[in-house]
Amino acid sequence: MSALATRTGALNLGQGFPDEDGPAAVLDAARDAIAAGVNQYPPGIGAPVLRAAIADHQRRWYGLDVDPDREVLVTAGATEALAATILALVDTGDEVVTFEPWYDAYGALVARAGGVHRTVPLRFPDWRPDHDALRAAVTDRTRVILVNSPHNPTGAVLDADTLALVVELAARHDAIIVTDEVYEHLTFGVRHTPIATLPGAWERTVSISSGGKTFSTTGWKIGWVTGPAALVTSVLAVKQYLTYVNGAPFQPAIAVGLGLPDAFFADTASALRAKRDVLAAGLEAAGFAVSLPGAGYFVVADAAPLGYADGTELCRELPDRAGVVGVPVTAFVHPDRRAAYASLVRFAFCKRREVLDEAAERLTRLAAR
């Protein structure tokens, strides 16, 4: 869809990357690191300054006491962290449970590891999982329960009862919990709760996050894993044969970002929430039914009220009809589940305000269809 946006000149609300730079202190720290010669391989587990900053971050925000030398691993973004974790923990025939829709890498990574991907559906517009369906999905064959909250593509933030049930089921069936928390600081009115903070969770949880979304540096690809030393060591054993290391001058820069004042994180989430509201209002004015996300970069809209039963068809037409690009939600589900999500489209609102205003105006052309 990004290629389609480039070819047609449409506004790209498909791929989730900001079109503004992150905080000056973070960018300046990267420049300073390059000038200071931080341009060669960092340690395999990550630069000490970043590992210390990650440990401090986990303590500051969540009260987690993490050893920066044994329980932190720096990765090439959260996607490599996910890849290394799944390849380390999942063997042929092991089952991995995720919610559906899911971040598109999950299915490919589980397949590459030889695992079996089981899903629990989230339904438009509230995206709440059915707890009985979750109980049915997790069995003694489950090796990993992969939890993405705040969730991509829906923007849902899982409630406390669901998180507690995940921990309960993981303990009952001796499964490992893997979390994808890259939108942890981009929540709107609800504080993020890492599963690792729940009773009985830490010892069986691999937590994954990154700096790309929080600091608008998605191209730097600086992510991390935290968790018990034995699990982190297993992930490292795979990670060292993927990228080995990455982003030497960006690691101290992300460390600076993690140490920014609370006001930065609050202001960033507030600004993103305002952008969400602009795009959501534009989609509603165009005739879509909208699910207002509680976090993240994306809003999901239902094109059925506009007469489109097929979101993929609409996304192919949107660049010419309205000069806007979105992504059909069916791209994030199993092929045999697409009917339940057929008319849904994901749009990114992590763009400049003037881009969103223009997108909202263009989308009104659909109402005249």
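Small disclaimer: the values here were computed from a predicted structure and weren't measured. (Residues numbered from 1 in each chain as written. Predicted model: local features only at pLDDT ≥ 70, side-chain atom pairs only at ≥ 80, totals over all residues. Heavy atoms only, no water.)

A description of the sheet that holds strand β6 (residues 176-180) should follow, citing residues and the corresponding values.
The pairing of strands in a sheet happens through backbone hydrogen bonds and is either parallel or antiparallel. Ordered in space as β2-β8-β7-β6-β5-β3-β4, the seven strands form an open sheet in which the pairing is mixed. Pairing within the sheet leaves two strands with one partner each, and these edge strands are β2 (72-75) and β4 (116-121). Pairs of neighbouring strands in the sheet enclose a mean axial angle of 20°, with direction left out of account. As judged from the four bridges shared by β2 and strand β8 (residues 223-226), these two strands associate in the antiparallel manner. (Pairing = 2+ DSSP bridges. Helix = DSSP H or I, 4+ residues; strand = E, 2+ residues; numbered from the N terminus. Axes fitted to C-alpha atoms, helices over the stretch in contact; angles between N-to-C directions.)

How would you summarise the pairing of β8 if you had to cite specific residues and measurements?
Both faces of β8 are covered, namely the face carrying Gly223 and Val225 and the face carrying Trp224 and Thr226. Pairing of strand β7 (residues 205-210) with β8, which is carried by four bridges, proceeds in the antiparallel orientation. Note that in β8 the partner of Ser209 across the bridge is Trp224. (Buried < 20%, exposed > 50% of the residue type's maximum accessible area, 1.4 Å probe, protein only.)

How would you summarise the packing of aromatic side chains if you had to cite specific residues and measurements?
As enumerated under the stated definition, the model contains 12 aromatic pairs in all. Centre to centre, the rings of Trp61 and Phe265 are 5.1 Å apart; their planes meet at 70°, and the pair counts as edge-to-face. With Trp61 in helix α3 (residues 48-62) and Phe265 in helix α10 (residues 262-286), this residue pair connects regions lying 204 residues apart in the sequence. Phe265 carries the same exposure label as Trp61, and that label is buried. Aromatic rings pair up to connect Trp61, Phe215, Phe264 and Phe265 into one cluster. (Phe/Tyr/Trp six-rings, centres within 6.5 Å; stacked < 30°, edge-to-face > 60°.)

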